[in-house]
Amino acid sequence: MPEYTDGGAIAPGTFRDRVAKITRDLIQIDTTNYGGNDSRGEPEAAAYCAKLMDALDMNPEIVESEPGRASVIGRMKGWDTTAPALILHGHIDVVPADASEWSVDPFGAEVIDDVIYGRGAADMKGMDAIMLSALEHLHATGQQPRRDIILALFGDEEAGGVYGSAWLVANRPDLFAGATEAISEVGGFTATVAGKRAYFLQTAEKGIAWLNLTAIGTPGHGSARHTDNAVTKMADAMSAIGHHQWPLHYTDTTRQLMEEVSELMGVTFDDSDPSPQLAAIGSAVTFVGSTLSNSSNPTGLTSGYKHNVIPGKAEATLDARPLPGQDEHLLETIRSLAGDDVQVTYEHGRQAIEAPYSGALVEAMIDAIAQEDPEAVVLPFMMSGGTDNNALSQLGIAGYGFIPLQLPPDLEFPKLFHGIDERMPIDSLDFGVRALLRILEPAQNGS
Ligand SMILES: [Zn+2]
């Protein structure tokens, strides 16, 4: 069995042209996901990626969950035949872009001052290109990754993966056979923390509980004496839920983050007040700020049709987000705040997930940064939203978000996500390929 020997640094700039070309090609394929089963371009983008993967002998398979909804999955053999497979995954769809708000064509993939502009540059066609470029490099140089790599490029991530990762996990689990861990978005970006460049490694994702609330009362005339009013019951429930202060609750990930940030700041962490640490983590606060407690925001309220008629029913919608391990507690709390007169049911739910910030893969990710950017630190974080890691977790696969992107200090990564003039510096992508290659622990084929 060949052994991984640190192959030494690959010169910065080596992958610029190639990773920029793939990123731009993908941006120019409009893969807008409008939600539901309304989308564009996934088959074209999947075919483009499949062609590249085919040239790497990865036997790519394009899977269509519905006509027009495509994902592509292929496998590259690893040199360590005792190691379980590792999934690298990305999504090929993007959220809509309103061209009138942009200063460039969102699907033009224009390059201005070495920065690629376009929908998906950050989320996440640039990252897809990093993965493809890294695997191309291994193939071209006769190397293999340590573990079997399953490269999965999913459709429909931006609308919850119903036609992408969730469908594949339910219908084609064979494609992920033997995998124990996965790496994808959103982590890997940099932000300045207490004067140091920090790479944020995503080990957890908050869950989703979209809830429907229904209050039933006695209908009647608006002029009557009335004590069983559905509108009043619902107003009480929504007020209680909307004003509820969810207590701080630290999971392994967020406690570790707070403690490591405190160390960088040279202070002791007081877990009753994380505000100094949140103030110190720079742009990452956009993702991290809402991961220290559960949340529940009222988002809709419907009842009644006439001034003088008391309706028999009032309905409301709620967007609640549980922390890992808090799914049940969140629902129980909302039920108790809503009271006995209001029924609470699920519209859509997704369990929160958390993977350990330890083990060989996490060490490989931290090592990769130590090699490529020795001055920097790596910090764990929880993502406020969800990714395709969530579907894969149902197969027992531990999901991480870590496609390294060394960003200029003034570029706030969280704001690029779904943002206007979404963009990505080519040097950041080039760095990503070099760092990802280290994570894959390559060795010369057959050596
Ligand atoms: Zn994304």
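Right above here is the structure, for reference.
The paragraphs below set out a description of the structure included in this document. Computed from a prediction, not measured in an experiment: that's the story for all the values here. (Residues numbered from 1 in each chain as written. Predicted model: local features only at pLDDT ≥ 70, side-chain atom pairs only at ≥ 80, totals over all residues. Heavy atoms only, no water.)

Topic: the sheet that holds strand E15 (residues 313-321)
Which entries qualify depends on this criterion: Note on pairing: DSSP must find at least two bridges between two strands before they are called paired. Note on conventions: DSSP H or I runs of at least 4 residues are helices, E runs of at least 2 residues are strands, and numbering of each starts at the N terminus. A fitted line through C-alpha atoms serves as each axis, taken over the contacting stretch for helices, and the angle formed by two N-to-C directions is quoted from 0 to 180°. Should any heavy atoms of two residues lie within 4.5 Å, those residues are considered in contact.
Strand order in the open sheet formed by four strands is E13-E15-E11-E16, with antiparallel pairing between adjacent strands. Each end of this open sheet is capped by a strand with a single partner; those strands are strand E13 (295-303) and strand E16 (342-350). Across the sheet, the axes of successive neighbouring strands diverge by a mean angle of 20°, strand direction being ignored. As paired strands, strand E11 (residues 208-216) and E15 are joined by eight bridges and run antiparallel to one another. Across the sheet, the residue bridging to alanine 215 is alanine 314, located in E15. Contacts from helix H9 (residues 327-338) reach E11, E13, E15 and E16 within the one sheet, and its direction differs from that of E16 by about 155°.

Quick look at the pairing of strand E3 (residues 85-91)
Operational definition: Buried, partly exposed and exposed residues are distinguished by accessible area as a fraction of the type maximum, computed with a 1.4 Å probe on protein chains only: under 20%, between the cut-offs, and over 50%, respectively.
Within E3, seven of the seven residues are buried, leaving the element largely enclosed by the surrounding structure. The alternating pattern of E3 places Ala85, Ile87, His89 and His91 on one face and Leu86, Leu88 and Gly90 on the opposite face, and all of these are buried. Alignment of E3 against strand E7 (residues 149-154), held across six bridges, turns out to be parallel. Within E7, the position partnered with glycine 90 by the bridge is leucine 153.

Regarding the coordination of the zinc ion
Keep this limit in mind: The donor definition counts N, O and S atoms within 2.8 Å of each metal and applies 3.2 Å to Na, K and Ca; water is not among these atoms, so some sites may look incomplete. Geometry assignment treats four donors as tetrahedral when all angles are between 85 and 135 degrees, treats four as square planar and six as octahedral when opposite donors are over 155 degrees apart and all others between 65 and 115, and treats everything else as irregular.
Distances from the zinc ion to its protein donors, namely His91 (NE2), Asp123 (OD), Glu185 (OE) and Glu185 (OE), fall within the range 1.8 to 2.7 Å. Geometry at the zinc ion is irregular, judged from its four donor atoms and the angles of 53 to 155° they form at the metal. Considered as a linear motif, the donors of the zinc ion on their single chain read H-x31-D-x61-E. Remark: glutamate 185 occurs in the loop between strand E8 (179-184) and strand E9 (190-193) and aspartate 123 occurs in the loop between strand E5 (115-117) and helix H3 (125-140); sequence separation between them is 62 residues. On the accessibility criterion, glutamate 185 (2% relative accessible area) is buried.

What to know about the sheet that holds strand E20 (residues 423-425)
Pairing within the open sheet is antiparallel, and its three strands lie in the order E4-E5-E20. Edge positions in the open sheet fall to strand E4 (111-112) and E20, since each of these has one partner strand only. Pairing of E5 with E20, which is carried by three bridges, proceeds in the antiparallel orientation. When the bridges of E20 are listed, valine 115 appears paired with proline 425. Sheet contacts for helix H1 (residues 16-28): E4 and E5; angle to E5, the most-contacted strand, approximately 10°. Packed onto the sheet, helix H13 (residues 426-439) meets E4, E5 and E20 and runs at close to 65° relative to E20.

Functional significance is not addressed by these values, which are geometric in nature.
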